[in-house]
Amino acid sequence: MTRVLYPGSFDPVHNGHLEIIETAAKLFDEVVVATMVNTTKDGVFDLNDREAMLREATEHLPNVTVRMFAGLVVDLASEMEADFILKGLRAVSDFENELQMAQMNNAASGIHTLFIPSASSSSFLASKFIRDFTRFGGDISKMVPESVARRLRERYV
Ligand code: ADP
């Protein structure tokens, strides 16, 4: 049985993330999606809200579970006995940073990171742009699950 950990901020989860989660759910027996504290990003939703939105967005996937974590990805990976860490890639620019992080995590704990590239139709999506777009009245309804669009509108009215 192969269990993978897909960590991220997910502030909020969008269709690019969901595409990676749905692909991972086909490839692996168990997928754990973890919304993490990221001190380098200014977010909008707290961990409870991000976790709730992820749960709603993935409830159709029986082998996907969602949790939150404040700490190192490698510590969570070892606590849950993950076989691999999983990351999504939007563009080559993502890869540079992600590869360095993957090597750091591998040096720290021996775990490997697997990468899934996004389909071109989702590769422009980023939580930051979705937050900014909503803040200034843009329509993000085709970029995020319905429950996320609703929460974003509530947050910014
Ligand atoms: P964001 O940059 O949207 O705030 P996160 O930090 O929550 O995203 O990202 C979690 C993971 O999802 C990372 O591995 C990131 O590279 C990946 N990811 C983010 N957006 C996309 C996308 N549009 N397509 C594929 N993977 C993505």
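Residues numbered from 1 in each chain as written. Predicted model: local features only at pLDDT ≥ 70, side-chain atom pairs only at ≥ 80, totals over all residues. Heavy atoms only, no water.

Draft legend 1. Quick peek at the packing of aromatic side chains. Counted according to the given criterion, the structure contains two aromatic pairs. Judged by centre distance (5.2 Å) and plane angle (70 degrees), the rings of Y6 and F10 are edge-to-face. A relative accessible area of 5% places Y6 in the buried class. The exposure class assigned to F10 is buried, which follows from its relative accessible area of 2%. Ring plane angle 70 degrees and centroid distance 5.6 Å describe the contact between F95 and F115, whose orientation is recorded as edge-to-face. Taken together, the residues F95 in helix α4 (residues 92-109) and F115 in strand β5 (residues 112-117) connect sequence positions 20 residues apart. A residue is classified by how much of its surface remains accessible, and F115, at 25% relative accessible area, is partly exposed. (Phe/Tyr/Trp six-rings, centres within 6.5 Å; stacked < 30°, edge-to-face > 60°. Buried < 20%, exposed > 50% of the residue type's maximum accessible area, 1.4 Å probe, protein only. Helix = DSSP H or I, 4+ residues; strand = E, 2+ residues; numbered from the N terminus.)

Draft legend 2. Just the packing of helix α2 (residues 47-57) against helix α6 (residues 146-156), in detail. Between α2 and α6, the least distance of the axes is 9 Å, while the angle of their chain directions is 150 degrees. The pairing of α2 with α6 is recorded here as roughly antiparallel in orientation. Packed against α2, whose contacting residues are D49, A52, M53 and E56, the element α6 presents S147, V148, R151 and R155 at the interface. (Axes fitted to C-alpha atoms, helices over the stretch in contact; angles between N-to-C directions. Parallel < 35°, antiparallel > 145°, perpendicular 65-115°, else oblique. Contact = heavy atoms within 4.5 Å.)

Draft legend 3. The arrangement of the packing of helix α5 (residues 127-135) against α6 in detail. Packing of α5 against α6 leaves a shortest axis separation of 9 Å and a crossing angle of 50 degrees. In terms of orientation, α5 and α6 fall into the oblique class. In this structure, α5 meets α6 at a crossing whose hand is right-handed. Between α5, through I130, R131, T134 and R135, and α6, the contact on the second element is made entirely by L152, R153 and Y156. Per-class residue counts for the contact of α5 with α6 are three nonpolar, one polar and three charged. (Left-handed = near helix turned anticlockwise from the far one by under 90°. Nonpolar A, V, L, I, M, F, W, Y, C, P; charged D, E, K, R; others polar.)

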